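Below, each chain spelled out in residue letters.
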Amino acid sequence: MQTEALTGGFANPPVEASRGFRAALNALARPGTIETVAGAGAPAPVSTAAAVLLLTLCDAETPLYLAPGHDGQAVRDWIAFHIGAPIADAGEAMFALGTWEALQPLAPFRAGTSEYPDRSVTLFVEMEGLEQKGARLTGPGIREAAHLSLPEIAAFQANRAAFPLGRDFYFCAGDRLAGLPRSTMVEAG
Amino acid sequence: MSDYNFAYLDEQTKRMIRRAILKGVAVPGYQVPFASREMPMPYGWGTGGVQVSAACLTPEDTLKVIDQGADDTTNAVSIRKFFEKTAEVATTEHTGEATVIQTRHRIPEEPLTEDQILVYQVPIPEPLRFLEPRETETRKMHALEEYGLMHVKLYEDISRHGEIATSYAYPVKVEGRYVMDPSPIPKFDNPKLEMAAIQLFGAGREQRIYAIPPYTQVVSLDFEDYPFVASKANHACALCGAGDTYLDEVIVDDEGGRMYVCSDTDYCSGRQDKGHRGEMAAPYMEVAE
């Protein structure tokens, strides 16, 4: 029997989820800041940061899309045991997990409606690394300008152009994560 | 060991509230619907703020709760005790020491920092509600960015009273998109809405959460010839002498006598500790044993 699916959850869920959420809140409210999280471990290739976000934000009420590369039996078993989120197509997902390339194209993901812009997907993007350089970010949560090593520029400019509709992003590398809400203006750095 | 789950709410409820908070942060000023729970206090006593605070608190936090600026009124004391019991977090009355501040109808006088979260208790989150009672219509008005009605309301203020008479819950436009009710804070506090801290708004009965991320543009609605004025009573604090704080008017006898004191009790006592004295202050402070 596979036991990998049974390990890697929070040891003390209320407390560790509260810390995970504060990291997620700070990252999304201050684009460009990089938070470090701990306490969760999912089967490869899921990063620690992505595992913390999954445990903190997802449950049986949140359809989850697994992009190719992350959609495997080990990851599905882990999610089924710890989270219980139904695995869904891109068009129905509230959350999505994968590398930037594997998540493309973004068009099928929900961007909300003009009356309910909150009914949109949040994507957990797995990255090789995460640095405070590269794309220049301005907008809510940023005093003057911030920099973040985004996988590309044009997709986030198009996302911002649709504001208040749009998709929200977390970038995960190892145990570090950063957020990019739809409200952020992105330029080449 | 507490008999309660950490911060009272069950984990699934907290996840639902946390998801709503994050969408609120992503769309500043937009009211995110959420499945508000019954709390062990009546609606109108800050159930929305309490749920948002419960979803945000970590064991490392220090919580401050204020009601109209005061740390020592019933609502503030009972919510502070609620979280002392259910989350076992440290509490404080000092603005500078707090990491999470739950507030009813005031922003502290002391500027907040990047390490702080300000949680507002909100009675009616919809700024257009008294102009248009139907939720289906106000939702459409927000979707279409159709805010003419709000300007008509402010114009009617001017035609009736000669000035914009709205003095609290003064509507703002967030990041050039959504018109938002900043909760019934006095309009004196409106300029402070552009701050370094994260601001979260919870309306329990009305089941809405919204947010203003740090350094977000927040503009109080006005007209070129009737610009917004952050007004206050034209007095200095009778206890600490501050001339730049929001004041409460206190009736002191039945012959029309009154005094004006800072509504922010922590700020006022901090100034008195530094030796500032207003015209009605005690000449010396009693030394606590």
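The structure displayed is predicted, hence computed values, not measured ones. (Residues numbered from 1 in each chain as written. Chains lettered and ligands numbered in written order. Predicted model: local features only at pLDDT ≥ 70, side-chain atom pairs only at ≥ 80, totals over all residues. Heavy atoms only, no water.)

1. As for the overall build of chain B
Put simply, the rule is: Each helix is a run of DSSP H or I of at least 4 residues and each strand a run of E of at least 2, with the numbering of both proceeding from the N terminus. Our radius of gyration looks at C-alpha atoms and nothing else; its globule reference is 2.2 Å times the residue count to the power 0.38. For every residue, the accessible area obtained with a 1.4 Å probe (protein chains only) is divided by the maximum for its type, and the residue is called buried under 20%, exposed over 50%, and partly exposed between those limits. We call two residues in contact when some of their heavy atoms are within 4.5 Å.
The helix and strand inventory of chain B stands at six helices and twelve strands. For 289 residues, the compact-globule estimate of 2.2 N^0.38 gives 19 Å, and chain B sits close to it at 20 Å. The principal-axis extents of the C-alpha atoms in chain B amount to approximately 60 × 60 × 35 Å. Taken across its 289 residues, chain B has 55% of its residues classed as buried. Taking the contacts inside chain B whose residues are at least 6 apart along the sequence as the reference set, 61% of them involve residues at least 24 apart.

2. Some points on the overall build of chain A
Spelled out, the test is: Counted charges follow a simple rule, with Lys and Arg positive, Asp and Glu negative, and His plus the chain ends left uncounted. Charged side chains are reduced to one point each, which is NZ for Lys, CZ for Arg, CG for Asp and CD for Glu.
Across its full length, chain A holds five helices and nine strands. Secondary structure elements of chain A occur, N-terminal to C-terminal, as α-β-α-β-α-β-α-β-β-β-α-β-β-β. What you see for chain A is a C-alpha radius of gyration of 16 Å, in line with the 16 Å of a compact globule of 189 residues. Overall, chain A is about 50 × 30 × 25 Å in size when its C-alpha atoms are taken along their principal axes. Evaluated residue by residue, chain A yields a buried proportion of 57% over its 189 residues. When contacts within chain A are restricted to residue pairs at least 6 apart in sequence, those whose partners lie at least 24 apart make up 67%. In chain A, the 13 positive side-chain charges and the 20 negative ones have mean positions that sit 9 Å from each other.

3. Some thoughts on the domain arrangement of chain B
Residue and element names in this part refer to chain B. Put simply, the test is: What fixes the domain bounds is an automatic or database domain assignment. Note on definitions: buried area is the accessible-area loss of two parts on being combined, 1.4 Å probe, summed for both. When a carboxyl oxygen of Asp or Glu is within 4 Å of a side-chain nitrogen of Lys or Arg, the pair counts as a salt bridge. Pairing of N or O atoms within 3.5 Å defines a polar contact, subject to two protein rules: one partner must be a possible hydrogen donor and the other a possible acceptor, and residues neighboring in sequence count only if both atoms are side-chain atoms. When residues are grouped by polarity, Ala, Val, Leu, Ile, Met, Phe, Trp, Tyr, Cys and Pro land in nonpolar, Asp, Glu, Lys and Arg in charged, and all others, Gly among them, in polar.
The domain boundaries assigned to chain B delineate domain 1 (11–134 + 166–216) and domain 2 (232–279). On a C-alpha basis, the centroid separation for the pair domain 1 and domain 2 is 26 Å. The interface of domain 1 with domain 2 comprises 15 residues on the first partner and nine residues on the second. Summing both sides of the interface, domain 1 and domain 2 together bury roughly 930 Å²; the carbon and sulfur share of this comes to 50%. At the junction of domain 1 with domain 2, the criterion picks out zero salt bridges. At the junction of domain 1 with domain 2, the criterion picks out eight residue pairs in polar contact (both at pLDDT 80 or more). Residues that form the side of domain 1 that touches domain 2 fall into these classes: four nonpolar, four polar and seven charged.

4. Points about the sheet that holds strand 1 (residues 35–36) of chain A
All names here are of chain A. Operational definition: Strands qualify as paired when DSSP identifies two bridges or more between them. To get an axis, a line is fitted to the C-alpha atoms, and for a helix only the part in contact is used. The angle between two axes follows their N-to-C directions and goes from 0 to 180 degrees.
On the basis of which strands lie adjacent, the open sheet formed by six strands has the order 1-8-7-4-3-2 and mixed pairing. Each edge of the sheet is formed by a strand with only one pairing partner; in this case those strands are strand 1 and strand 2 (64–66). Strand direction decides the pairing type here: strand 1 and strand 8 (residues 176–180), joined by two bridges, are antiparallel. Within the sheet, the bridge partner assigned to Thr36 lies in strand 8 and is Arg176. Its contacts with the sheet put helix 1 (residues 13–29) on strand 1, strand 7 (168–173) and strand 8, and the angle it makes with strand 8 is roughly 45°.

5. A word on the interface of chain B and chain A
Each side of the interface is counted separately: chain B has 43 residues, and chain A has 43 residues. For the chain B and chain A pair, buried surface summed over both sides reaches about 3,500 Å², with 61% attributable to carbon and sulfur atoms. Considering only the side of chain B, the residues that lose the most area to chain A are B:Arg19, B:Leu22 and B:Lys23, jointly responsible for 19% of the buried surface there. Where chain B touches chain A, the interface holds six salt bridges. A salt bridge links B:Glu60 to A:Arg19; its shortest N-O distance comes to 2.5 Å. There are 19 residue pairs in polar contact (both at pLDDT 80 or more) connecting chain B and chain A.

6. With respect to a nonpolar patch on the surface
Residues and elements named next belong to chain B. For clarity, the cut-off: Within the patch definition used here, like charges are joined within 9 Å and nonpolar side chains (Val, Leu, Ile, Met, Phe, Trp, Tyr) within 5 Å, considering only residues with over 30% relative accessible area and no salt bridge. The method behind every accessible area is Shrake-Rupley, applied with a 1.4 Å probe, and residues are considered shielded solely by the protein chains displayed.
Nonpolar side chains collect at one region of the surface, where Val250, Val252 and Met280 lie side by side and expose about 220 Å² of accessible area between them. Examined against the element boundaries, Val250 turns out to sit in strand 11 (residues 247–251). What makes Val250 partly exposed here is its relative accessible area of 32%.

7. Describing the nonpolar core
Rules: The set of buried Ala, Val, Leu, Ile, Met, Phe, Trp, Tyr and Cys residues whose side-chain atoms join them within 4.5 Å is what this entry labels a nonpolar core.
The biggest cluster of nonpolar side chains holds 86 residues, and the ones touching the most others in it are A:Leu25, A:Leu54, A:Phe124, A:Tyr170, B:Ile21, B:Phe83 and B:Leu200. Considering every element that reaches this core, the biggest residue donor is helix 1 of chain A, with nine residues. A:Ala96, A:Val125, A:Leu180 and A:Val186 belong to the second-largest nonpolar core, a separate cluster that totals 29 residues.

8. Topic: the side chain of B:Arg106
All names here are of chain B. Note that Arg106 resides in the loop between strand 4 (100–104) and strand 5 (117–121). The exposure class of Arg106 is buried, given its relative accessible area of 2%. Within the structure, the side chain of Arg106 is placed 2.9 Å from the side chain of Glu109, a separation counted as a polar contact. A distance of 2.6 Å separates a polar atom in the side chain of Arg106 from a polar atom in the side chain of Asp189. Those residues in contact with Arg106 that sit more than four places away from it in its chain are Ile66, Gln68, Gly69, Ile185, Pro186, Phe188, Asp189, Lys192, Tyr246, Ser263 and Asp264.

9. A few points about the pairing of strand 8 of chain A
Within strand 8 of chain A, four of the five residues are buried, which leaves the element mostly enclosed by the surrounding structure. Between strand 7 of chain A and the antiparallel strand that follows it, strand 8 of chain A, lie two residues; A:Gly174 among them carries a positive phi value of about 60°.

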